[in-house]
Amino acid sequence: MITAQQIRVRFAPSPTGYLHIGGARTAFFNWIFAKKFNGKFILRLEDTDKLRSQKEYEDDILESLKWLGLDWDEGPYRQSERMDIYNKYIEELLKAGSAYKCYCKPEDLELQRQSAEKFKQPYKYDRKCLNLTDEQKLQNEKENKAFSLRFKIPVGETIVNDIIRGNVKFDNLLLDDFVIVRSDKIPTYNFCVVVDDALMNITHIIRGEDHLSNTPRQILLYKTLGFELPKFVHIPLILGIDKTRLSKRHGATSVAEYRKKGYLPEAMLNFLVLLGWGYDDKQQIFSIEEVIQKFSLEKVTKNPAVFDNEKLNWLNGLYIRNAQLDRIYKLSLPYFREKKYISEVPSENEEIKLQEIVKLEKDRLKILSQITDYTDFFFTDEIKYEEVALEKYFKNNETAIILENLLTKLRQLENFSKDETEKIARATAEELNIKFAQLVHPVRLAITGRTISAGLFEVMAVLGKGKSCLRIQKAIDIIKNVIPVCIKQ
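What counts, and where the lines are drawn
- Residues numbered from 1 in each chain as written.
- Predicted model: local features only at pLDDT ≥ 70, side-chain atom pairs only at ≥ 80, totals over all residues.
- Heavy atoms only, no water.
- Helix = DSSP H or I, 4+ residues; strand = E, 2+ residues; numbered from the N terminus.
- Rg over C-alpha atoms; globule rule 2.2 N^0.38 Å.
- Buried < 20%, exposed > 50% of the residue type's maximum accessible area, 1.4 Å probe, protein only.
- Contact = heavy atoms within 4.5 Å.
- Areas by Shrake-Rupley, 256 points an atom, 1.4 Å probe, with all protein chains shown as cover.
- Lys, Arg positive; Asp, Glu negative; His and termini not counted.
- Charge placed at Lys NZ, Arg CZ, Asp CG, Glu CD.
- Pairing = 2+ DSSP bridges.
- Axes fitted to C-alpha atoms, helices over the stretch in contact; angles between N-to-C directions.
- Salt bridge = Lys/Arg side-chain N within 4 Å of Asp/Glu carboxyl O.
- Core = buried A, V, L, I, M, F, W, Y, C linked by side-chain atoms within 4.5 Å.
- Phe/Tyr/Trp six-rings, centres within 6.5 Å; stacked < 30°, edge-to-face > 60°.
- Lys NZ or Arg CZ within 6 Å of the ring centre and 35° of its normal.
- Expected span 1.5 Å × (residues − 1).

Draft legend 1. Structural detail: the overall build of the chain. If you tally the helices and strands in the chain, you get 20 helices and 12 strands. At 32 Å, the chain has a C-alpha radius of gyration far larger than the 23 Å of a compact globule built from 489 residues. Along the three orthogonal principal directions, the C-alpha set of the chain runs to about 105 × 50 × 40 Å. Looking at the 489 residues of the chain, the share that counts as buried comes to 48%. Of all intrachain contacts in the chain linking residues separated by at least 6 positions in sequence, the fraction that spans at least 24 positions is 77%. With the model as given, the accessible surface of the chain reaches about 25300 Å², and the carbon-plus-sulfur share is 49%. Averaging the locations of the 76 positively and 71 negatively charged side chains of the chain gives two centres separated by 3 Å.

Draft legend 2. View of the sheet that holds strand β8 (residues 179–181). The three strands lie next to each other as β4-β5-β8, forming an open sheet whose pairing is antiparallel. Edge strands, defined here as strands with exactly one partner in the open sheet, are β4 (99–102) and β8. Across the sheet, the mean angle from the axis of one strand to that of its neighbour is 45 degrees, orientation sign disregarded. Relative to strand β5 (residues 148–151), β4 runs antiparallel, the two being bridged by four bridges. Each bridged residue has a counterpart across the sheet, and for Tyr-100 the counterpart in β5 is Arg-150.

Draft legend 3. Spatial organisation of the pattern of salt bridges. On inspection of all chains with the given rule, the structure shows 31 salt bridges. Here Arg-44 makes a salt bridge to Glu-46, at a shortest N to O gap of 3.0 Å. For Arg-44, a relative accessible area of 0% puts it in the buried group. The salt bridge partner of Lys-418 is Glu-422, with a shortest N-O separation of 3.1 Å. Of this pair, Lys-418 and Glu-422 are both found in helix α17 (residues 418–431), four residues apart, which corresponds to roughly one turn of the helix. Overlapping salt bridges, with partners in common, bring together Arg-10, Arg-44, Glu-46, Arg-82, Asp-196 and Asp-197 in one network.

Draft legend 4. Representation of the nonpolar core. In this structure, Phe-28, Val-273, Phe-295 and Phe-307 are the most contacted members of the largest nonpolar core, which totals 65 residues. For this core, the element with the most residues is helix α1 (residues 21–36), which contributes nine residues. Leaving out residues up to four positions away in the same chain, Phe-295 has contacts with Phe-29, Ile-32, Lys-36, Val-273, Trp-277 and Val-300.

Draft legend 5. Focus on the sheet that holds strand β1 (residues 8–11). If you walk across this open sheet you meet the three strands as β1-β2-β3, and the pairing is parallel. Only two strands of the sheet have a single neighbouring strand rather than two, namely β1 and β3 (74–78). Each strand of the sheet is rotated relative to its neighbour by a mean of 25 degrees, with strand direction disregarded. Here four bridges tie β1 to strand β2 (residues 40–45), and the two strands are oriented parallel to one another. Looking across to β2, one finds that Val-9 is bridged to Phe-41. With respect to the sheet, α1 is in contact with β1 and β2, its orientation differing from that of β1 by roughly 165 degrees. The sheet contacts of helix α2 (residues 55–68) involve β1, β2 and β3, and relative to β2 the element is tilted by about 160 degrees.

Draft legend 6. Geometry of the packing of aromatic side chains. Counted according to the given criterion, the structure contains 18 aromatic pairs. With centroids separated by 5.3 Å and ring planes inclined at 70 degrees, the aromatic side chains of Tyr-258 and Tyr-263 adopt a geometry described as edge-to-face. By the burial criterion, Tyr-258 is buried, and Tyr-263 matches it. A ring pair is formed by Phe-336 and Phe-379, whose centres lie 5.6 Å apart and whose planes are at 50 degrees; its orientation type is tilted. Here Phe-336, found in helix α12 (residues 325–338), pairs with Phe-379, found in the loop between α14 (371–375) and α15 (387–393); they are 43 residues apart in sequence, far enough to count as distant. Phe-379 gets classed as partly exposed once you look at its relative accessible area, which sits at 22%. The side chain of Lys-299 reaches across the aromatic face of Tyr-279, ending 5.7 Å from its centre. Lying across the ring of Phe-436, Arg-426 places its NZ or CZ 4.0 Å from the centre.

Draft legend 7. Local environment of the pairing of strand β6 (residues 157–162). In β6, alternate side chains face the same way, and those of Thr-158, Val-160 and Asp-162 are buried while those of Glu-157, Ile-159 and Asn-161 on the opposite face are not. Sheet topology places β6 next to strand β7 (residues 166–171); six bridges connect them, and they run antiparallel. Note on β7: the bridge partner recorded for Val-160 is Val-168.

Draft legend 8. Representation of the side chain of Gln-79 within the structure. With respect to the helices, strands and loops of the structure, Gln-79 is situated in the loop between β3 and α3 (83–95). Apart from residues lying up to four places away in sequence, Gln-79 is in contact with Arg-44, Leu-45, Glu-46, Asp-47, Thr-48, Tyr-86, Cys-192, Val-193 and Asp-196.

Draft legend 9. Spotlight on α2. Given a rise of 1.5 Å per residue, 14 residues ought to cover 20 Å, and the 20 Å separating the end C-alpha atoms of α2 matches this to within 8%. Where α2 is concerned, the buried positions are Tyr-57, Glu-58, Asp-60, Ile-61, Leu-62, Ser-64, Leu-65, Trp-67 and Leu-68. Buried residues belonging to α2 abut β1, α1, β2, β3, α8 (255–261) and α9 (265–273). Gly-69 sits one or two positions beyond α2 and adopts a positive phi of about 85 degrees.

Pasting the structure below:
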């Protein structure tokens, strides 16, 4: 039975890149688990890679987690600020004979690695420096040779007791004496993570399956340093739709990219939790409260999860439709500004028009950035027409007659509302003894330049009488070859 007071989990990204969607999924699983058992969610930045760690990436990680709503209870801790702590435990290992200095040059080790690859053998350090004589060690000290520190792997077998995968056995003979401190005196990941997790009293380590191979090394460090072992949970990898590991070739991979495209955080979280976990075979939509209530590590699958963009888009569209109009309006403003469709600070009239436009398009959106693609015709007088639609609807003189009849009636309308324009259109179709679609399709093309749009008569009401009539007249002129046509590329 899990006791609430015992639960302490962590998310420990390296600020060497933007927050990856896989990292966000790991953070979310940890966050849910902490919330479910009233535990603590700790954030730690593993920034010991001085060359690759950047403030820009750290800021992105923090901002992305905040955007997703994954608030942390402690941190962010930074490994770069904990060197004195690591040094204490490094000294313990050296005194106990569990670590030793390695003077091998990186280029020599690389040659050994390449040789192993050439003969298709797994590379393993040959323990050359473990077997140095006292005289050799003294000579190296005199020459002030650069060295790294290696952990001495004990003989035997290491068992990783994983909550998802059960017992996973590793023969220690297959593990080489890995480096715990580089020649630049900076401790490595495998060492720091053990010390941090132990001293921060982490009870459950929930992380990606790609870390499973590191776990036996870390367990050996736990035992050698006298630390209590946490429980391990290795969640499945995320693959692209082609069943290869998720990467740039599959599209966006960072949380920031998805945010910029116009995904809602609640849609992203709903999607992420389904990557490797499922409550049952039916339910796909979960509120945060439901996820916290129903989530269990036992229901996390061993199999890789497939990142399906179509499913994400479907979920996002659903959340957009259910969101408050005012929220979607405010979130849409940056896309209108980027296209220069509106002023940096919209006027009152601009705001009224934009709100009407967003209301029209809201239920059609799958991602917010689509809003300008769907509405560009509202912001220009130079309508570009779909070429296929032109051939279908603007190459027939009968269409010009239909449009002329409608236009005459529209010009007489005082109340240019959705209901009144639709009433006039239906009456015109009836008078001409044609199907309503024969009128609607060419009018939609005339007004928007396309064959698919929001409700035609709602669009005309927002566009206004003047512009709507001008566009219908322009369509008539194009059909009669009075003016040239501008084709959408």
